[in-house]
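Below, each chain spelled out in residue letters.
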Amino acid sequence: MLSRVANNLYWMSRHIERAENTARLLDVTYRMSLLPYRILEPGQSWAEPWALPLVINGIATAYYERYPGPLSADNVLRYMLLDTANPSSIYSCIQSARENARTARGTITSEMYEDINAFWLELRDRDFDGLRARGLSGFFDWVKTRSHQFRGVTFGTSLRDEGYRFIRLGTFIERADNTARLLDVKYHTLLPSVAEVGGAVDYYQWSALLRSLSAFDSYRKVYRDVIAPMRVAELLVLRDDVPRSLHACMNEIYEILRELCDPGSREAERLAGEIHAHLHYGRTEHIIGQGLHEYLMSFLDKLSALNEEIDRHFLVPVYASATAAAPAGARH
Amino acid sequence: MQQSIQRVPPPPRGSIYNEMHHADQSVRSHYAAYAAWLADKPLEYLLQKQREADTLYTRLGITFAVYGDETGVERSIPFDIIPRILRPEAWTIINEGTCQRVRALNAFLKDIYHGQDILRAGLVPREHVLGNNLYRPEMRGFDVPGGVYIHIAGIDIVMTGADEFFVLEDNLRTPSGVSYMLENRKMMMRLIPELFARMAVAPIDHYPDVLLDNLRALAPAGVMNPTVTVLTPGPYNSAYFEHAFLAQQMGVELVEGQDLFVAGDVVYMRTTRGPQRVDVIYRRIDDDFLDPLAFRADSVLGVPGLFAAYRAGNVTLANAIGTGVADDKSIYTFVPEMIRFYLGEKPILSNVPTYRLAHADDCKYVLEHLHELVVKEVQGSGGYGMLVGPAATRDEIAAYRQRIIADPAQFIAQPTLALSACPTFCASGIAPRHVDLRPYVLSGKQVTLVPGGLTRVALREGSLIVNSSQGGGTKDTWVLEA
């Protein structure tokens, strides 16, 4: 398929996944902010729950330029929900996803276009004060539901061709990236309070992290025990039966790349295989031994290298198009 | 040679042909089944269906962009839920008449880029053709695949009586609107399926298959399994929806200029599996922007080297380059002559009598009768820059007069025709509104069209301008099977 179209499909699903992840994170942060709460490390405002969406998306500086002064929940919500000036806001993500879909609409099914277009049209008519008046949780649920719905429509109507694989690839790369970042920041914030394991606030903090990744009930089913930080890490990194864990994401990514790759693009497959093997054969003790932060940073670096390879080979390829002869490997 | 022009007075009020009703308000027989269905439907029912249609069109993203509109990039074209119904006999005339016209126009293009017999015969003035800036000297002596220049033509027709048709204009470059023809039918079948059980409406949804067959049949010689693409200027073009729609319906790639490149006079597209050769391009980009090396150097939409690949016979372009000269409004007046000259046939469809302002006589008459004529720019399209005399204000007429005097040759004028009217759902209920019809003529090994077309309706009472860019709407067009 056309590289430009593949690129649009890939980013369409990344943008939707990103909007969903933002909604998840803001949802639990919002719920948590209703609980008694104290700053664990004064001065480290990046570790504040309300700073998380900014830190994870790498937009804290841009936020402070737009909203100078102390971090406020209200301003973060304003910035992350509907602010057109923020390319990572839910609004901007869905606008971009819809634009990607529009550019690739000859390739996706009409049901998919209808669904993402309706998502965008309904979102476009919302305003922040109205959302807050009706309750933000309802809005977050709506965004999650629409994202699920779009994945469902894609799953239920798409031909299982190359385009479908690039759509899925975008979803899982974005999801892996998000889980790793969320875990890193959150784990770092929470770790100093290990001493308080069992305390009410601590319990809510950990359960919030799990809930934001839809893994709370899974944790209960798997461990049938109180929430322990090491198990949270194990669950979200190594277990491949938790759909938002790094291992589960890499299972999908590796499988998709094995299907997509041809002899000229084995490097993408090899990189994915390497990351996958680390998770597949990894042990919790090794991760903790290396340090979870270091482990996650190294994961994100490798994921970014993989992403570059996918770009270079499939999505934005460069050929020597000025040559007079037919390009090598051209197919009729 | 100069045709004598009948001076047609403006239509007397009340003489407008109503397609559904006789003058005594009784229903014409081909509308009887529809009228029977409509009889027991309260207005609220229609209103609810109309709302459903509007919502669906917005949600489906069936939109077009309006140039010069600051409020937003996309809009839906208003869709009217009352179908326009054509008798089989009327369709026979339209079918045969438009095919005849396209055959003659194609022969004309082949001629003016080769032997120029028609110019030597003195039937069309040399300077009208060779001096026209849409004439492409680069195409001289080049044999296009299959001899087909006009793969897709949109012939705009108005009806003034039961079997009385006039051709308003021929669109031979990149006529648009066919996606609305197809989507309108889908919409009607979704909204009111029971009507299709009651009436024998000829199907039209095989249009993309016919188009694809034709494009494949006209691939460069020797290519066994040709790769066809649709070339679009991109998502910001007003007809982008249609480009994507056609690509999807035909199951071919929708490409932008940046997706293609030329190496060794062969066109390739950039794919996830490396370069892939392209054999046929249904291009929705004007000649000027196709290739910055051959035409406008500042074009960023085109593909450098595309024209050289075309001339080398390695890729088919549909429509061919240089067809614009034949749909120029000053060439339009000669089409009946072309039909006689090339085909030896009598024209089935009439032209609207047309004054060419390049002629001093015509110009003088038109300037004296601006209030009753329609004046158009020779190379204009989309209903932009035209004057509808009977509907214009004194100031508008005065301003237009100055434009004409400045350069008369840029204008033609036609009498205001009594366009037929169809019942249309509007704020006040159901009322007649003026309509036209654009059937799409497809040329491959044969010249054919699917039984239907795009009916455009002027939604404002009394208005004669049906262009979507000017507030017109569309209707589903039903050709009844004989």
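Residues numbered from 1 in each chain as written. Chains lettered and ligands numbered in written order. Predicted model: local features only at pLDDT ≥ 70, side-chain atom pairs only at ≥ 80, totals over all residues.

Overview of the overall build of chain A
- A tally of regular secondary structure across chain A gives 16 helices and zero strands.
- Expressed as a percentage of the 332 residues in chain A, the buried residues total 45%.
- Residue pairs in contact within chain A that sit at least 24 positions apart in sequence constitute 69% of those at least 6 positions apart. (Helix = DSSP H or I, 4+ residues; strand = E, 2+ residues; numbered from the N terminus. Buried ≥ 20, exposed ≤ 12 C-beta atoms within 10 Å, placed from the backbone. Contact = placed C-beta atoms within 7 Å.)

With respect to the overall build of chain B
- The helix and strand inventory of chain B stands at 16 helices and 23 strands.
- For 482 residues, the compact-globule estimate of 2.2 N^0.38 gives 23 Å, and chain B sits close to it at 23 Å.
- Considered along the principal axes of its C-alpha atoms, chain B spans approximately 70 × 55 × 45 Å.
- Counting all 482 residues of chain B, 46% fall into the buried class.
- Put simply, of all contacts in chain B between residues at least 6 apart along the chain, 69% involve residues at least 24 apart. (Rg over C-alpha atoms; globule rule 2.2 N^0.38 Å.)

Notes on the domain arrangement of chain B
Residue and element names in this part refer to chain B.
- Taken domain by domain, chain B comprises domain 1 (1-204 + 327-352 + 417-482) and domain 2 (221-314).
- Computed over C-alpha atoms, the centres of domain 1 and domain 2 are 28 Å apart.
- Residue-level contacts link 15 residues of domain 1 with 12 residues of domain 2. (Domains from an automatic or database assignment.)

Remarks on the nonpolar core
- Core analysis: the biggest nonpolar cluster contains 209 residues, and A:Ile253, B:Leu105 and B:Val267 have the highest contact counts within it.
- Broken down by element, this core gets its largest block of residues, 12 residues, from helix H1 (residues 3-32) of chain A.
- In contact with B:Val267, not counting residues within four places along its chain, are B:Leu260, B:Val262, B:Val278, B:Val303, B:Leu306, B:Ala309, B:Asn314 and B:Val315.
- By size, the runner-up hydrophobic cluster in this structure holds 10 residues, among which are B:Tyr355, B:Leu373, B:Val375 and B:Ile412. (Core = buried A, V, L, I, M, F, W, Y, C linked by C-beta atoms within 7 Å.)

Some words on the domain arrangement of chain A
Residues and elements named next belong to chain A.
- Domain annotation of chain A identifies domain 1 (1-158) and domain 2 (160-317).
- The interface of domain 1 with domain 2 comprises 28 residues on the first partner and 28 residues on the second.
- If you list the elements that add at least two residues to the side of domain 1 that touches domain 2, you get H1 and helix H2 (52-56).
- Among the elements that make up the side of domain 1 that touches domain 2, the one with the highest residue count is H1 (17 residues).
- Among the residues making up the side of domain 1 that touches domain 2, the classes are represented as 16 nonpolar, seven polar and five charged. (Nonpolar A, V, L, I, M, F, W, Y, C, P; charged D, E, K, R; others polar.)

Observations regarding the interface of chain A and chain B
- In this assembly, 30 residues from chain A lie in contact with 28 residues from chain B.
- Sorting the residues of the side of chain A that touches chain B by element identifies H1, helix H5 (90-103) and helix H6 (110-124) of chain A as the ones contributing at least two each.

Section: the environment of B:Ser443
- Within the secondary structure layout, B:Ser443 lies in strand S20 (residues 440-443).
- Among residues more than four places away in sequence, those in contact with B:Ser443 are B:Val102, B:Asn106, B:Val148, B:Ile150, B:His151 and B:Asn214.

Details of the sheet that holds strand S6 (residues 228-231) of chain B
All names here are of chain B.
- Taken in spatial order, the four strands of this open sheet run S7-S6-S11-S12, and their pairing is parallel. Each end of this open sheet is capped by a strand with a single partner; those strands are strand S7 (253-255) and strand S12 (316-318). Averaged over all pairs of adjacent strands, the angle between strand axes in this sheet comes to 30°, irrespective of strand direction. (Pairing = 2+ DSSP bridges. Axes fitted to C-alpha atoms, helices over the stretch in contact; angles between N-to-C directions.)

Quick notes on the sheet that holds strand S8 (residues 260-263) of chain B
All names here are of chain B.
- Spatially, the three strands line up as an open sheet ordered S8-S9-S10, and their pairing is antiparallel. Each edge of the open sheet is held by one strand with a lone partner, namely S8 and strand S10 (274-277). Each strand of the sheet is rotated relative to its neighbour by a mean of 40°, with strand direction disregarded.

Here's the deal with the pairing of strand S4 (residues 152-161) of chain B
Residue and element names in this part refer to chain B.
- Judged by how many residues are buried, S4 sits mostly within the fold: eight of 10 residues are covered.
- Where S4 lies against S20, three bridges are found, and the strand directions are antiparallel. The partner of alanine 153 across the bridge, within S20, is valine 441.
- Sheet analysis places S4 next to strand S5 (residues 164-171), joined by seven bridges and oriented antiparallel. Of the residues in S5, the one forming a bridge with isoleucine 157 is valine 167.
- The antiparallel pairing of S4 with S5 creates a hairpin that spans two residues between the two strands.

Quick word on the pairing of strand S11 (residues 280-283) of chain B
Residues and elements named next belong to chain B.
- Along S11, one buried face is formed by Val280 and Tyr282 and the opposite face, lined by Ile281 and Arg283, is buried too.
- Bridge count for S6 against S11 is four bridges, and the pairing is parallel. Bridge pairing in S11 places valine 230 opposite tyrosine 282.
- Looking at chain direction, S11 and S12 are connected through three bridges and run parallel. From the neighbouring strand, tyrosine 282 faces S12, where its bridge partner is alanine 318.

Topic: the environment of B:Glu461
- For B:Glu461, the position within the fold is in the loop between strand S22 (454-458) and strand S23 (472-479).
- C-alpha of B:Glu461 to C-alpha of B:Pro432: the two residues are 29 residues apart in sequence and 8.1 Å apart in space.

Observations regarding the confidence of the model for chain B
Residue and element names in this part refer to chain B.
- For chain B, per-residue confidence averages 90 on the pLDDT scale, and residues scoring 70 or more make up 93% of the total.
- Low pLDDT, under 50, characterises residues 1-12; the stretch is placed with 14 contacts to residues that sit more than four places away or in other chains.
- Taken as a whole, residues 66-72 scores under 50 in pLDDT and shows three contacts with residues more than four places along the chain or in a different chain.
- We note a pTM of 0.81 for the whole complex and an ipTM of 0.77 for its interfaces. (pLDDT = per-residue confidence, 0-100.)

Thoughts on unusual backbone geometry
- That bond from B:Ala318 to B:Asn319 is cis: its omega, -10°, falls within 30 degrees of zero.
- Relative to the assigned elements, B:Asn319 resides in the loop between S12 and helix H12 (324-327).
- Positive phi outside glycine occurs at A:Arg224, with the angle close to 45°.
- Inspection of the secondary structure assignment puts A:Arg224 in the loop between helix H11 (216-223) and helix H12 (229-237).
- A count of 7 C-beta atoms within 10 Å places A:Arg224 in the exposed class.

Digging into the packing of H5(A) against H6(A)
All names here are of chain A.
- In contact at an axis separation of 9 Å, H5 and H6 are set at 150° when each is read in the N-to-C sense. Every pair of crossing elements has a handedness; the one defined by H5 and H6 is left-handed. Judged by residue contacts, Tyr91, Ile94, Gln95, Ala97, Arg98 and Ala101 of H5 engage Met112, Tyr113, Ile116, Asn117, Phe119, Trp120 and Leu123 from H6.
- A per-class count over the contact of H5 with H6 returns 10 nonpolar, two polar and one charged. (Left-handed = near helix turned anticlockwise from the far one by under 90°.)

Concerning the packing of helix H3 (residues 88-112) of chain B against helix H14 (residues 335-343) of chain B
Residue and element names in this part refer to chain B.
- In the contact formed by H3 and H14, the axes pass within 9 Å of each other and the chain directions differ by 80°. Overall, the two elements H3 and H14 adopt an arrangement that is roughly perpendicular. Within the contact between the two elements, H3 uses Gln100, Arg101, Arg103, Ala104, Leu105, Ala107 and Phe108 and H14 uses Val335, Met338, Ile339, Tyr342 and Leu343. (Parallel < 35°, antiparallel > 145°, perpendicular 65-115°, else oblique.)

Observations regarding the confidence of the model for chain A
All names here are of chain A.
- Per-residue confidence for chain A gives a mean pLDDT of 87, with 87% of residues at or over 70.
- Low pLDDT (under 50) marks residues 39-44, which in the prediction has six contacts with non-local residues, meaning those over four places away or in another chain.
- A low-confidence stretch, residues 192-198 stays under pLDDT 50, and its non-local contacts, those more than four residues away or across chains, total eight contacts.

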